[in-house]
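A look at the structure
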Amino acid sequence: MDKDNNISYGNEVEYILYGGTNEENHSKIDTSLFFIRYALNLGPILQEYWNDKKLNQIATEISAITQGIIPAPLFKLVVVLGVNAAESAVDRNYLLAGLPVAFYKDKPKKQLFIKLDLSDTNAFKDAVSSKNTDYANSIMNVSQPAIGDSLVSFAYSDYISVFLFIELCTSSDNVYKRTADVIQTTMAQNDSEFVLSKSLTYYTIETKVRVKPMMMTLPYAQQSGVTVTDTDTWNTFEYKTSKGY
């Protein structure tokens, strides 16, 4: 399996899943990966930042400055969701690069990629007041935490396997037809007349086996009045089976 022998090498399972162009299929998978990671990261990030003293302080002061128009919980939620989006984007980039990511980060301090620096609360408030989006990027530091041995980690191929299993459970006919498309298109590279519908995909074996009587043909057996050797029904076996894919 390589680029010379597979017309769409590296994109075949994605096509079997969605049936579009390579760009469309990868776009759907990228989006799915992002939202899956977004859902899985929300709990750990809430755990890490929702009760953070500095974030609570900033949220309270922002609420006071806006005379309650922006409630403190709403401000904290916006910050948490922003961090979550950044964390999920990093997760997705790791997955697309072929690297595993912890499935659920139950120890946020050690396992989150994004670290939010809230040490300068005044600068944070000024950035919010002036709507300075560049400042938000500057306080999000990306780390590279190691995945502990006890953690369950998923790579891109693991997610694709899960997607394919779900598709088989819900739309198996589509999976079979697209798999046939992949086989036919790849084979047609080297044989322009190849058509899967004309290919042999199963075989049937049928045979009749007769076991030769040995002891029954001896004079002693014949003198005993054994007449079973007069027919072949007792020592003839028929076998038939079909195998295919």
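Going by the structure above, here's the rest.
Below: a short report on this structure. (Residues numbered from 1 in each chain as written. Predicted model: local features only at pLDDT ≥ 70, side-chain atom pairs only at ≥ 80, totals over all residues. Heavy atoms only, no water.)

Time to look at the overall build of the protein chain. The helix and strand tally for the protein chain stands at 10 helices and 6 strands. Buried positions account for 28% of the 245 residues belonging to the protein chain. Considering only contacts within the protein chain whose residues lie at least 6 apart along the sequence, 70% involve residues at least 24 apart. Within the structure as shown, the protein chain displays about 16100 Å² of accessible surface, and the carbon and sulfur contribution to it stands at 57%. (Helix = DSSP H or I, 4+ residues; strand = E, 2+ residues; numbered from the N terminus. Buried < 20%, exposed > 50% of the residue type's maximum accessible area, 1.4 Å probe, protein only. Contact = heavy atoms within 4.5 Å. Areas by Shrake-Rupley, 256 points an atom, 1.4 Å probe, with all protein chains shown as cover.)

Our focus in this paragraph is the side chain of Asn11. Relative to the helices and strands, Asn11 resides in the segment before α1 (12–18). Take Asn11: its relative accessible area is 16%, and that puts it in the buried class. Side-chain polar atoms of Asn11 contact the side chain of His26, separated by 2.6 Å. Dropping the residues within four chain positions of it, Asn11 is found in contact with Asn22 and His26. (Polar contact = N/O pair within 3.5 Å; in protein donor to acceptor, adjacent residues only side chain to side chain.)

Below, the discussion takes up the side chain of Asn41. Looking at the secondary structure, you find Asn41 in helix α2 (residues 22–49). Apart from the residues within four sequence positions on either side, Asn41 is in contact with Asn84, Glu87, Ser88, Asp91 and Lys105.

Next up on the list: the pattern of salt bridges. The final tally for this structure, using the stated rule, is 5 salt bridges. Note that Asp91 is salt-bridged to Arg37, the shortest N-O span being 3.1 Å. With a gap of 54 residues between them, Asp91 in helix α4 (residues 72–96) and Arg37 in helix α2 connect regions that are remote in the sequence. Arg37 carries the same exposure label as Asp91, and that label is buried. A salt bridge links Lys208 to Glu238; the shortest N-O distance between them is 3.6 Å. (Salt bridge = Lys/Arg side-chain N within 4 Å of Asp/Glu carboxyl O.)

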